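Coordinates in review
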Amino acid sequence: ALLEILRFPDPRLRRQAEPVKVVDGEIRKLVDDMFETMYASEGIGLAAVQVNVLRRVIVMDVADEGSEERSGQGLRPLCFINPEITDRWGEAECEEGCLSVPGYYEPVTRAERIRVRALDRQGKPFEMEAGGLLGVCIQHEIDHLDGRLFVDHLSKLKRDRIRKKLEKSSRHGTPSR
Ligand SMILES: O=C(O)C[C@@H](Cc1ccccc1)C(=O)SCC(=O)c1ccccc1
Ligand SMILES: [Zn+2]
């Protein structure tokens, strides 16, 4: 089912998600609904907090660097339950967008490479290293689970300007460009 994506500055985006105790049918339904919602919104990631669910669940589908040449499709759906970053290296700046802050793309500095541990859709633990857009997206989604948004990494001036514009467009119901 398509879920409603909360929009900045909705205070519900600022809440902390709780760890998942058992990966059961309910969680798998949530994961499937999050993938459906992410694809419909043309995003490359989505966190449960964005769809008003306080569980530590994120989904992602990022074209793997250079994998298009190798394997053709390149896109691979990933699900991280109770994700934890266990190691991080370097620093890199990347243009970020957010389905909760539609229409804005700003450079954000994050770790260049990370190692992350999580449970998969079957509840099985796994660990992976990620850099590039995948590494950035994982960090962006885990921020969502802790009530953080990419606009928090911008200046207050920029964040307030974005907030005012989104508050205006949501009041008059104009579609955000
Ligand atoms: O709000 C979200 O979590 C989804 C967000 C994830 C993200 C995008 C870019 C950098 C970091 C995290 C989006 O998918 S917004 C859509 C978007 O920006 C985008 C879509 C396709 C390719 C690249 C970016
Ligand atoms: Zn986001």
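On a predicted model such as this, the values are computed, not experimentally measured, just so you know.

**Points about the coordination of the zinc ion (ligand 2)**
Here the zinc ion (ligand 2) is held by Cys 98 (SG), His 140 (NE2) and His 144 (NE2), and the distances to it run 2.1 to 2.3 Å. Positions of the donor residues of the zinc ion (ligand 2), expressed as sequence spacing, correspond to C-x41-H-x3-H. Of the two residues, Cys 98 sits in the loop between strand 4 (92–96) and strand 5 (106–110) while His 140 sits in helix 3 (residues 132–145), which places them 42 residues apart along the sequence. Neither Cys 98 nor His 140 differs from the other in exposure class; each is buried.

**A look at a positive patch on the surface**
A surface patch of like charges, here positive, comprises Arg 161, Lys 165, Lys 168 and Arg 171. On the secondary structure map, Lys 168 appears in helix 4 (residues 156–172).

**Quick notes on the site of ligand 1**
In the region of ligand 1, 14 residues are neighbours, and Ile 44, Gly 45, Gln 50, Leu 99 and Glu 141 sit closest. Within the side chain of Gln 50, a nitrogen or oxygen atom sits 3.0 Å from an oxygen atom of ligand 1. Here an oxygen atom of ligand 1 sits 3.2 Å away from a polar atom, N or O, in the side chain of His 140. Relative to its unbound accessible surface of 520 Å², ligand 1 loses 83% to contact with the protein. It is helix 3 that contributes the most residues to the shell around ligand 1, four residues altogether. Partitioning the shell around ligand 1 into residue classes produces five nonpolar, six polar and three charged.

**Quick notes on the confidence of the model for the protein chain**
When pLDDT is averaged along the protein chain, the result is 92, and 90% of the positions lie at 70 or above. Scored by ipTM, the complex comes to 0.94, with pTM at 0.92.

**Some details on the sheet that holds strand 7 (residues 125–131)**
Reading across the sheet, the five strands line up as 1-2-3-6-7 and stay open at both edges, with antiparallel pairing between neighbours. Lying at the two open borders of the sheet, with one neighbouring strand each, are strand 1 (45–47) and strand 7. Between one strand axis and the next, the sheet turns by 40° as a mean value, whatever way the strands run. Where strand 1 meets strand 2 (residues 57–61), three bridges bridge the pair, whose relative direction is antiparallel. Counted as the bridge partner of Gly 45 is Met 60 from strand 2. The strands touched by helix 1 (residues 25–40) within the sheet are strand 1, strand 2 and strand 3 (77–89), with strand 2 carrying the most contacts at an inclination of about 40°. The sheet strands contacting helix 3 are strand 1, strand 2, strand 3, strand 6 (113–119) and strand 7, and the helix crosses strand 2 at an angle near 155°.

**As for the nonpolar core**
Counting 19 residues, the largest nonpolar core has Ile 58, Met 60, Phe 80, Leu 134 and Ile 138 as the members making the most contacts within it. Contributing elements (two or more residues each) for this core: strand 2, strand 3, strand 6, strand 7 and helix 3. If sequence neighbours within four positions are ignored, Leu 134 has contacts with Met 60, Val 62, Arg 76, Leu 78 and Met 128. Counting residues in hydrophobic clusters, the runner-up holds 16 residues, among them Ile 5, Val 23, Val 31 and Val 51.

**Regarding the environment of Phe 80**
You can see Phe 80 is positioned in strand 3. Judged by its relative accessible area of 0%, Phe 80 is buried. For Phe 80 and Leu 119, which are 39 residues apart along the polypeptide, the C-alpha to C-alpha distance reads 5.9 Å.

Parameters at a glance
- Residues numbered from 1 in each chain as written.
- Chains lettered and ligands numbered in written order.
- Predicted model: local features only at pLDDT ≥ 70, side-chain atom pairs only at ≥ 80, totals over all residues.
- Heavy atoms only, no water.
- Donors = N, O, S within 2.8 Å, 3.2 Å for Na, K, Ca; no water.
- Helix = DSSP H or I, 4+ residues; strand = E, 2+ residues; numbered from the N terminus.
- Buried < 20%, exposed > 50% of the residue type's maximum accessible area, 1.4 Å probe, protein only.
- Patch = residues over 30% accessible without salt bridge, like charges linked within 9 Å, V, L, I, M, F, W, Y side chains within 5 Å.
- Areas by Shrake-Rupley, 256 points an atom, 1.4 Å probe, with all protein chains shown as cover.
- Salt bridge = Lys/Arg side-chain N within 4 Å of Asp/Glu carboxyl O.
- Lys, Arg positive; Asp, Glu negative; His and termini not counted.
- Charge placed at Lys NZ, Arg CZ, Asp CG, Glu CD.
- Near = heavy atom within 4 Å.
- Polar contact = N/O pair within 3.5 Å; in protein donor to acceptor, adjacent residues only side chain to side chain.
- Nonpolar A, V, L, I, M, F, W, Y, C, P; charged D, E, K, R; others polar.
- pLDDT = per-residue confidence, 0-100.
- Pairing = 2+ DSSP bridges.
- Axes fitted to C-alpha atoms, helices over the stretch in contact; angles between N-to-C directions.
- Contact = heavy atoms within 4.5 Å.
- Core = buried A, V, L, I, M, F, W, Y, C linked by side-chain atoms within 4.5 Å.

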